[in-house]
Amino acid sequence: MNADPSTPGRAREEGWGVASDAGPAHRSVAEVRPYSSSQPAPQVVLVGRAMATFRLALIQLQISSIKSDNVTRACSFIREAATQGAKIVSLPECFNSPYGTKYFPEYAEKIPGESTQKLSEVAKECSIYLIGGNFIPTGSIPEEDAGKLYNTCAVFGPDGTLLAKYRKIHLFDIDVPGKITFQESETLSPGDSFSTFDTPYCRVGLGICYDMRFAELAQIYAQRGCQLLVYPGAFNLTTGPAHWELLQRSRAVDNQVYVATASPARDDKASYVAWGHSTVVNPCVLSVSVRSFHLKTVWKGITLLSRSSTWPQPSPELLGGGPSQSWHRRSHRVFRHRPEEAG
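Residues numbered from 1 in each chain as written. Predicted model: local features only at pLDDT ≥ 70, side-chain atom pairs only at ≥ 80, totals over all residues. Heavy atoms only, no water.

With an unreviewed UniProt entry as reference, the protein chain is termed Omega-amidase NIT2, source organism Macaca fascicularis. In its Sequence similarities (unreviewed entry) section, UniProt records this for the protein chain: "Belongs to the carbon-nitrogen hydrolase superfamily. NIT1/NIT2 family." (UniProt positions renumbered as here; feature names shortened; annotations may be inferred.)

Pasting the structure below:
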């Protein structure tokens, strides 16, 4: 892989999460230093031989009820990320729509459509790889296709071409007594295929929110050579503090990959309140997170390492010699907390 030189400067403005992995590859220590405006940008130094370095930006977007405003705001933040050296940019789940089953049919569009056309144009304008949150048609925007609605993530390349489209496999059907009940399956249909795309830096695997709970999906992506997994997601105030970062760390360490999540910003007046805390976790399970729920962008400079015996890799025998079957059997399971697990 060809390394892409990172922009040496790091954002210092209020509200920007900043980090870099572009430290000396020969160092034998992994360390994170807290960031403050009076100190240099923090360094995360990893053991191993560097293969590629690039900047990843996660847009923690404030979502309104006006689709055109959401798209315009997203494009503005994408341009700002590109000027700061980001090569891969991710929007959050349902970036063009409020999150809720009653909104999905109203905001759904086909792909290509209004929102994805804007994403294609801004990806080409900025010459970046753009992961377009979720759309809901049958299509994460909401996506509509052949009379069905999907929670769909679209990816555009530096030339504006649609590189990949992923439809959420594991629908968010949850019942936590006394706290939250949500049934995506009331309006959405599940996807039935995996989706990856290649960049000059690495191969990227896609999931959406609830997909992160299913370890087999991440294992399959790792088997297929992915070094970065991106999950646009919108955990809530019940599941967020309990599992948001825990699941990311688990997927990262189990498969020795980077895991990135892009959440909407928190809106306490919304019918569904997102947890926020967009995060990047590296294979050493050191995380860099906004650690906030407001409108922000989190940056991560990523240095990919060669896979070697330094880190144990799951064997094909352990995973059944091929793609696991259990992920599909569990795709419609309703997630229920036991009382002692609710948090």
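Moving on to the overall build of the protein chain. Of regular secondary structure, the protein chain possesses six helices and 17 strands. Put simply, the protein chain has 343 residues, and 58% of those count as buried. Surface accessibility of the protein chain: about 13,800 Å² in total, with carbon and sulfur atoms responsible for 51%. (Helix = DSSP H or I, 4+ residues; strand = E, 2+ residues; numbered from the N terminus. Buried < 20%, exposed > 50% of the residue type's maximum accessible area, 1.4 Å probe, protein only. Areas by Shrake-Rupley, 256 points an atom, 1.4 Å probe, with all protein chains shown as cover.)

Our next topic: the nonpolar core. Nonpolar side chains in soluble globular proteins tend to end up buried together. Among the nonpolar cores identified, the biggest contains 47 residues, and Phe54, Ile88 and Leu228 are the most heavily contacted of them. Looking at this core element by element, the count peaks at five residues for helix 4 (residues 215-223). Ignoring anything within four residues of it in the chain, the contact list for Leu228 reads Phe54, Ile88, Cys202, Arg203, Val204, Gly205, Tyr258 and Ala260. (Core = buried A, V, L, I, M, F, W, Y, C linked by side-chain atoms within 4.5 Å. Contact = heavy atoms within 4.5 Å.)

On to the pairing of strand 6 (residues 148-156). In terms of residue burial, strand 6 counts as a mostly covered element, since eight of its nine residues are buried. Two elements, strand 6 and strand 7 (residues 162-167), share five bridges in a ladder whose sense is antiparallel. Considered in strand 7, the bridge of Ala154 is made with Lys165. Taken together, strand 6 and the strand that follows it, strand 7, pair antiparallel across an intervening segment of five residues, in which Gly160 is found at a positive phi of about 85°. (Pairing = 2+ DSSP bridges.)

Direction vectors running N to C along helix 1 (residues 67-83) and helix 3 (residues 114-126) enclose 15°, while the axes themselves pass 10 Å from each other. Our classification of the angle between helix 1 and helix 3 gives roughly parallel. When you trace helix 1 past helix 3, the crossing you get is right-handed. Across the interface between the two elements, Lys67, Val71, Cys75, Ile78, Arg79 and Ala82 of helix 1 pack against Glu114, Ser115, Lys118, Leu119, Val122, Glu125 and Cys126 of helix 3. Grouping the constituent residues of the contact of helix 1 with helix 3 by class yields seven nonpolar, one polar and five charged. (Axes fitted to C-alpha atoms, helices over the stretch in contact; angles between N-to-C directions. Parallel < 35°, antiparallel > 145°, perpendicular 65-115°, else oblique. Left-handed = near helix turned anticlockwise from the far one by under 90°. Nonpolar A, V, L, I, M, F, W, Y, C, P; charged D, E, K, R; others polar.)

Another point: helix 4. For helix 4, the buried fraction is high: seven of the nine residues fall into the buried class. Inspection of helix 4 places Ala215, Glu216, Leu217, Ala218, Ile220, Tyr221 and Ala222 among the buried residues, and these make up the whole buried set. Positive backbone phi, approximately 95°, marks Gly225, located one or two places after helix 4.

Attention now moves to helix 5 (residues 239-255). An ideal rise of 1.5 Å per residue puts 24 Å on 17 residues; helix 5 measures up with 23 Å between its terminal C-alpha atoms. Within helix 5, the full set of buried residues consists of Thr239, Gly240, His243, Trp244, Glu245, Leu247, Gln248, Arg251, Ala252 and Asn255. Just downstream of helix 5 lies Gln256, where phi reads positive at about 55°. (Expected span 1.5 Å × (residues − 1).)

Moving on, we get to the pattern of salt bridges. Using the criterion set out here, one finds nine salt bridges in the structure. For Glu245, the salt bridge is made with Arg249, and the minimal N-O distance between the two is 2.8 Å. Placement of both Glu245 and Arg249 in helix 5 is noted, with a separation of four residues, approximately one turn of the helix. Judged by relative accessible area, which is 27%, Arg249 ranks as partly exposed. The partner of Arg251 in a salt bridge is Asp254, with the nearest N and O atoms 3.9 Å apart. Placement of the pair is Arg251 and Asp254 together in helix 5, with a separation of three residues, close to one helical turn. (Salt bridge = Lys/Arg side-chain N within 4 Å of Asp/Glu carboxyl O.)

In this section: the confidence of the model for the protein chain. Per-residue confidence for the protein chain gives a mean pLDDT of 76, with 69% of residues at or over 70. Every residue in residues 1-50 scores below 50 in pLDDT, and together they form 114 contacts with partners more than four places removed in sequence or on other chains. pLDDT under 50 marks residues 306-343. Its contacts with residues more than four places away, or in other chains, come to 60 contacts. (pLDDT = per-residue confidence, 0-100.)

Right, let's get into the side chain of Ser278. Looking at where Ser278 falls in the secondary structure, it is placed in the loop between strand 13 (258-262) and strand 14 (279-281). Within polar-contact distance, the side chain of Ser278 engages the backbone nitrogen of Ser263 at 2.9 Å. (Polar contact = N/O pair within 3.5 Å; in protein donor to acceptor, adjacent residues only side chain to side chain.)

Separated by 31 residues in the primary sequence, Arg249 and Val280 place their C-alpha atoms 9.2 Å from one another. Of the polar contacts made by the side chain of Arg249, one reaches the side chain of Glu245; its length is 2.8 Å.

A separate point is the environment of Phe235. Mapped onto the secondary structure, Phe235 falls in the loop between strand 12 (228-232) and helix 5. In this structure Phe235 comes out as buried when scored by relative accessible area, which is 3%. C-alpha separation for the pair Phe235 and His277, spaced 42 residues apart in sequence, amounts to 9.6 Å. Here Phe235 is in contact with Cys209, Met212, Arg213, Gly240, His243, Trp244, Leu247, Tyr272, Val273, Ala274 and Trp275, once residues within four sequence places are set aside.

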